[in-house]
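One letter stands for each residue in the lines below.
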Amino acid sequence: MSGPDIKGETTMIRKILCGSAALGASLFTASAAFALEAAAAAAPTVDKGDTAWMMTSTILVLAMILPGLALFYGGLVRSKNMLSVMTQVGAVAALAMLVWVTWGYSMAFGNDYSGAFIQQFVSNFDKVFLHGVSAATTAATFTKGVAIPEYVFVCFQMTFAAITIALVLGSVVERMKFSAVMVFALVWLTIVYFPIAHMVWASSGKFFKMGALDFAGGTVVHINSGVSALVACIMLGKRIGYPKEIMAPHSLTMTGIGTGLLWVGWFGFNAGSALEANGSASLAMINTFVATASAGLVWMLAERLIGHKGSALGFCSGIIAGLVAVTPAAGNSGPFGAIVLGAVASIICFFAVSKLKPMLGYDDALDTFGIHGVGGMIGAIGTAIVYAPVFGGPGDGSVGIGAQLGVQIAAVATTIVWAAVGTAIAIFLAKALTGLRVSEEVEREGLDLGEHGERAYNY
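Conventions we followed
- Residues numbered from 1 in each chain as written.
- Predicted model: local features only at pLDDT ≥ 70, side-chain atom pairs only at ≥ 80, totals over all residues.
- Heavy atoms only, no water.
- Helix = DSSP H or I, 4+ residues; strand = E, 2+ residues; numbered from the N terminus.
- Buried < 20%, exposed > 50% of the residue type's maximum accessible area, 1.4 Å probe, protein only.
- Pairing = 2+ DSSP bridges.
- Contact = heavy atoms within 4.5 Å.
- Polar contact = N/O pair within 3.5 Å; in protein donor to acceptor, adjacent residues only side chain to side chain.
- Salt bridge = Lys/Arg side-chain N within 4 Å of Asp/Glu carboxyl O.
- Phe/Tyr/Trp six-rings, centres within 6.5 Å; stacked < 30°, edge-to-face > 60°.
- Axes fitted to C-alpha atoms, helices over the stretch in contact; angles between N-to-C directions.
- Core = buried A, V, L, I, M, F, W, Y, C linked by side-chain atoms within 4.5 Å.

A.B. asks: Could you clarify how one ought to interpret unusual backbone geometry in this entry?
C.D. replies: Here the residue pair Leu66 and Pro67 is connected by a cis peptide bond, since its omega of 15° sits within 30 degrees of zero. Residue placement: Pro67 occurs in helix H2 (residues 48-76). For the peptide bond that leads from Tyr242 to Pro243, omega is 5°, which places it in the cis range. Even without a glycine there, the phi angle at Phe129 is positive, about 60°. Inspection of the secondary structure assignment puts Phe129 in the loop between helix H3 (82-109) and strand E2 (138-140). The exposed category is assigned to Phe129, whose relative accessible area is 64%. For Leu275, which is not a glycine, the phi torsion comes out positive at approximately 65°. Since its relative accessible area comes to 9%, Leu275 is described here as buried.

A.B. asks: Just to check I follow, could you spell out the pairing of strand E3 (residues 146-149) for this structure?
C.D. replies: Across a regular strand the side chains alternate sides, sitting on one face of the sheet and then on the other. As paired elements, strand E1 (residues 45-46) and E3 share two bridges and run parallel to each other. Counterpart to Thr45 in the pairing with E3 is Val146. Where E2 lies against E3, three bridges are found, and the strand directions are antiparallel. Considered in E3, the bridge of Ala140 is made with Ala147. Here E2 folds back onto E3, and the loop between the two strands holds five residues, one of which, Gly145, carries a positive phi near 85°.

A.B. asks: For this particular structure, what's the right way to read the environment of Asn332?
C.D. replies: Along the chain, the position of Asn332 falls in the loop between helix H10 (312-326) and helix H11 (335-360). Take Asn332: its relative accessible area is 8%, and that puts it in the buried class. Residues Asn332 and Ala420, 88 residues apart in the sequence, show an inter-C-alpha distance of 27 Å. Excluding residues within four positions of it along the chain, Asn332 makes contact with Leu213, Asp214, Phe215, Thr383, Val386, Tyr387 and Pro394. Among the polar contacts listed, one links the side chain of Asn332 to the backbone oxygen of Pro328, at a separation of 3.0 Å.

A.B. asks: Please clarify how the pattern of salt bridges should be interpreted in this entry.
C.D. replies: Close approach of charged atoms allows side chains of opposite charge to pair. Under the definition given, this model contains eight salt bridges. Arg78 is the salt-bridge partner of Glu174, the closest N and O atoms lying 3.2 Å from each other. Of the two residues, Glu174 sits in the loop between helix H4 (150-168) and helix H5 (178-201) while Arg78 sits in the loop between H2 and H3, which places them 96 residues apart along the sequence. Judged by relative accessible area, Arg78 falls into the buried class, the value being 15%. By sharing partners, the salt bridges in this structure join Arg78, Glu174, Arg175, Arg239 and Asp363 into a single network.

A.B. asks: What exactly am I supposed to notice about the packing of aromatic side chains here?
C.D. replies: Counting across every chain of the model gives 19 aromatic pairs. Their ring planes at 50° and their centres at 4.6 Å tell us that Phe267 and Phe289 sit as a pair that is tilted. A residue pair is termed long-range when its members are at least 10 positions apart, and Phe267 in helix H8 (residues 252-271) and Phe289 in helix H9 (residues 279-305) qualify at 22 residues. Taking relative accessible area as the criterion, Phe267 reaches 13% and is therefore assigned buried. Cluster of aromatic residues (ring-pair linked, three or more members): Trp100, Tyr105, Phe109, Phe153, Trp188, Tyr193 and Phe194.

A.B. asks: Help me understand the side chain of Arg239, please; the structure alone is not making it clear to me.
C.D. replies: By the element assignment, Arg239 lies in the loop between helix H7 (218-236) and H8. On the basis of relative accessible area, Arg239 is assigned to the buried category, the value being 8%. The contacts of Arg239, once residues within four sequence positions are left out, are Arg78, Val173, Glu174, Arg175, Met247, Asp363, Ala365, Arg437 and Glu443.

A.B. asks: When you look at the sheet that holds E2 in this model, what are you seeing that I'm missing?
C.D. replies: The strands that make up a sheet are held in pairs by hydrogen bonds between backbone atoms, and each pair lies either parallel or antiparallel. Read from one edge of the open sheet, three strands run E1-E3-E2, paired in mixed fashion. The open sheet terminates on both sides in strands that have one partner only, identified here as E1 and E2. The sheet strands contacting H2 are E1 and E3, and the helix crosses E3 at an angle near 45°. Across the sheet, H4 is in contact with E2 and E3; its angle to E3 comes to roughly 70°.

A.B. asks: What am I meant to see in the nonpolar core here?
C.D. replies: The nonpolar side chains of a soluble globular protein tend to be buried with one another. Judged by nonpolar contacts, the single largest core of 108 residues is most densely connected at Leu69, Trp100, Met176, Phe184, Trp188, Tyr193 and Phe269. If one sorts the elements of this core by residue count, H5 sits on top with 16 residues. Trp188 has contacts with Thr164, Ile165, Val168, Tyr193, Asn224, Ser228, Thr423 and Ala426, leaving out every residue within four places of it along the chain. Judged by nonpolar contacts, the second largest core, of five residues, contains Ala325, Ala329, Leu341 and Val386.

Below, the structure written as structure tokens:
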């Protein structure tokens, strides 16, 4: 072959190779771009508005605990025990926060075992010490492709755990050792709260898969704490002098302030459970207004109907009963359904506190079971009714009221049994490790001085 022919063929080969390389580069670029677009489409986008709302809601729930619940409970006890109640509420809330980030979040919302039976009741421990959680990781909301930072979700759910264990203490105030309270809280959170939270709110949880409706914690928070409070106070025993001695609240003013703070904070609790700043949050917001207003007034009316004056304590109690009842229904009811639900819960809680407790003789000091336990049951079961579109609820009618009632009752019954058994175990362990009750001398003197060496009032 001559030189010019070789040169021409070489040039042609180079052109072919260069063209192929260019085509390959273009195909690679197109493939890479497609992959990036697909990845971007699959990755949820953090919404700044939703994130800001959820951070606000989290702080509102914290305000429910300190100072809200601390003042509400503190005002209801005798003055010699005021500081002990506030200290117990604050201390168990702080403990819950540390336990939550150490293993609680992983148990409730970790990555599930693949197909394992146990994942119905608890997740695994892959997120212990928040392993794998960072400022870059996200938690999905209810809108496809939208998310909030996972740290925000961790904090929001953390406040729920903190207030739930603090609620339990309302039944055992004025006689339980501080050391026993802390041991009980640690065990109870681990074997009662975290599993129930997983069952209700994790996609693999037993109640979630059943189709149970619990918008903001009727089972997780209120039935859980109320039933646990009943078991705990029975196992602990009555206060010295109960029910013969007068054990009136020492400051209904503080209780009233605490009630107001709880109502305000509850908007973070209920509306925040939408996980977005959207229409569902607005529905939860209006329901938290009207159900609560209805319940507060109905409680006072019930007092008048049995021959008593409408009281400030009754109004505060009705407010809490309404808030409790509307919690599972907050985003699952229309406003008028919520009004009826609040009224019904208020009446039943009123009789649970004024008639059932004296009749059975248990010393639930601050009526945690009578309001949170009973109100939570009414709210959880009633949600099946108010959810239906025929009653103005947001449901689509695909599940009949009867079928939904069956699901709700099954979830309530399971929660009652789980909470009762778990509480008995936690109380038993606390008794074995520290003893449960303060001495008779300390109980008569007051736990403020006897347990903490301080007085709430210097007079």
